[in-house]
Amino acid sequence: DIQMTQSPSSLSASIGDRVTITCRASQGVGNDLAWYQQRPGKVPRLLIYAASTLQSGVPSRFSGSGSETEFTLTISSVQPEDIATYYCQKYNSARETFGPGTKVDLK
Amino acid sequence: EVQLVQSGPEVKKPGESLRISCKGSGYNFTNYWISWVRQMPGKGLEWMGKIDPSDSYINFIPPLKGHVTLSTDNSISTAYLQLNSLTASDTGVYYCARRRTYGLEGFDVWGQGTVVTVSS
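The structure presented is a predicted model; accordingly, all values stated were derived computationally and were not measured. (Residues numbered from 1 in each chain as written. Chains lettered and ligands numbered in written order. Predicted model: local features only at pLDDT ≥ 70, side-chain atom pairs only at ≥ 80, totals over all residues. Heavy atoms only, no water.)

## Some words on the nonpolar core
- Of all hydrophobic cores here, the largest spans 39 residues; its most connected members are Phe98 of chain A together with Ile34, Trp36, Leu81 and Trp110 of chain B.
- Counting 24 residues, the second-largest nonpolar core is a separate cluster that includes Val19, Ile21, Val29 and Ala84 of chain A. (Core = buried A, V, L, I, M, F, W, Y, C linked by side-chain atoms within 4.5 Å. Buried < 20%, exposed > 50% of the residue type's maximum accessible area, 1.4 Å probe, protein only.)

As structure tokens, this is what we get:
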């Protein structure tokens, strides 16, 4: 089975900071990689799919890049509403595994 | 409006079974996989398994074999997750989510989550 890892596991950011989260797959997954945001007590929300395509309605400060085994999610200027846990996920395969998550909070 | 609406919270005793429903509306139910995702208290998202409503193809993670049953009733656009022989470790929030069968997108619509508590 393909395993997904994320780094860091948590980070603290100030409003306006640029934040980058990395997701790694133990084997190549092509571009079949999504990013989700889960605010505390809320339902997960799709941010990015196909590694770099912004889901409709998601602010443009979010962006994704990468392919095969290494991917990044970038928030260009962190806003208060971005305080959340972010998960990557490989999909479009037999098993659609999530990464362990990266918690983003305010410094 | 496209949405997935799940059944309400459940409180069960160890050894009992439960069934959670997930009703889709606003889209063609058979054109999208339904996946089930578990989140234990204070933990991350865990993909449990998925079903293709068009042909009932199912896949789920091996540890759940024998513990979980997935099904759909396409006449009412509803997917079901059945958990058998419950233990305290089944306590958590269960989400259903859809993904287009031949699409490039991830899980674009999620249910609101069903809270399950297993306690004696």
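Back to the text.
## Thoughts on the state of the cysteines
- Overall, the coordinates contain 2 disulfides over all chains when judged by the stated rule.
- The side chain of cysteine 23 of chain A participates in a disulfide bridge whose partner is cysteine 88 of chain A; the two sulfur atoms lie 2.1 Å from each other. Here cysteine 23 of chain A and cysteine 88 of chain A share a disulfide; its torsion about the S-S bond, 70°, makes the bridge right-handed. With a gap of 65 residues between them, cysteine 23 of chain A in strand E3 (residues 19-25) and cysteine 88 of chain A in strand E9 (residues 84-90) connect regions that are remote in the sequence.
- Here cysteine 22 of chain B connects covalently by a disulfide to cysteine 96 of chain B, the sulfurs 2.0 Å from one another. One quick way to see it: the torsion about the S-S bond of cysteine 22 of chain B and cysteine 96 of chain B is about 80°, and its sign makes the bridge right-handed. Note that cysteine 22 of chain B is positioned in strand E3 (residues 18-25) and cysteine 96 of chain B in strand E9 (residues 92-100), a separation of 74 residues in sequence. (Disulfide = S-S within 2.5 Å. Helix = DSSP H or I, 4+ residues; strand = E, 2+ residues; numbered from the N terminus.)

## Remarks on the layout of surface pockets
- Quantified by volume, the largest pocket comes out at close to 360 Å³.
- Along the wall of the largest pocket there are 25 residues; nearest its centre are Gln38, Arg39, Pro40 and Gly41 of chain A together with Gln39 of chain B.
- Classifying every residue of the lining of the largest pocket gives 11 nonpolar, 10 polar and 4 charged.
- Empty space within the second largest pocket amounts to approximately 200 Å³.
- Along the walls of the second largest pocket sit Gln3, Met4, Thr97, Phe98, Gly99 and Pro100 of chain A together with Gly44, Leu45, Glu46, Trp47 and Ile61 of chain B, which together make up its complete lining.
- Here the lining of the second largest pocket gets 3 residues from one element, more than from any other, and that element is strand E5 (residues 45-52) of chain B. (1 Å grid on protein atoms, 1.4 Å probe; cavity = no way out; pocket = protein on both sides within 12 Å on 5 of 7 lines; lining within 4 Å. Points joined across faces, edges and corners; volume = space filled by probe spheres on them. Nonpolar A, V, L, I, M, F, W, Y, C, P; charged D, E, K, R; others polar.)

## With respect to the packing of aromatic side chains
- Under the definition given, this model contains 11 aromatic pairs over all chains.
- With a centroid separation of 6.4 Å and 45° between ring planes, the pair formed by tyrosine 27 of chain B and phenylalanine 29 of chain B is classed as tilted.
- With relative accessibility at 16%, the residue tyrosine 27 of chain B sits in the buried group.
- An aromatic cluster is built from Tyr36 and Phe98 of chain A together with Tyr95, Phe107 and Trp110 of chain B, whose rings are joined through pairwise contacts.
- Directly above the aromatic system of tryptophan 33 of chain B lies the positively charged group of lysine 50 of chain B, at a separation of 4.3 Å from the ring centroid.
- We note arginine 98 of chain B situated over the ring of tyrosine 27 of chain B; from NZ or CZ to the ring centre the distance is 4.6 Å. (Phe/Tyr/Trp six-rings, centres within 6.5 Å; stacked < 30°, edge-to-face > 60°. Lys NZ or Arg CZ within 6 Å of the ring centre and 35° of its normal.)

## Here's the deal with unusual backbone geometry
Residue and element names in this part refer to chain A.
- Omega for the bond connecting serine 7 with proline 8 falls within 30 degrees of zero, at -10°, which places this linkage in the cis form.
- Backbone geometry at alanine 50 places phi at a positive 50°, although glycine is not the residue there.
- Along the chain, alanine 50 turns up in the loop between strand E5 (45-49) and strand E6 (53-54).
- Using a relative accessible area of 18% as the deciding quantity, one classes alanine 50 as buried.
- With a phi close to 60°, glutamate 68 is a non-glycine residue in the positive phi region.
- Take glutamate 68: it is sitting in the loop between strand E7 (62-67) and strand E8 (70-75).

## Some details on the interface of chain B and chain A
- With 24 residues of chain B at the interface, the matching set in chain A holds 19 residues.
- When chain B packs against chain A, close to 1700 Å² is buried across both sides, 58% of that on carbon and sulfur atoms.
- By the criterion of area lost to chain A, the three top residues of chain B are Leu45, Trp47 and Trp110 of chain B, representing 30% of everything that side buries.
- Seen at the junction of chain B and chain A, the total is 2 salt bridges.
- Between glutamate 96 of chain A and arginine 99 of chain B there is a salt bridge, with its nearest N and O atoms 2.6 Å apart.
- At the surface where chain B touches chain A, the tally comes to 8 residue pairs in polar contact (both at pLDDT 80 or more).
- Contributions of two or more residues to the side of chain B that touches chain A are made by strand E4 (32-39), E5, strand E6 (57-60) and E9 of chain B. (Contact = heavy atoms within 4.5 Å. Buried area = accessible area lost by both parts, 1.4 Å probe. Salt bridge = Lys/Arg side-chain N within 4 Å of Asp/Glu carboxyl O. Polar contact = N/O pair within 3.5 Å; in protein donor to acceptor, adjacent residues only side chain to side chain.)

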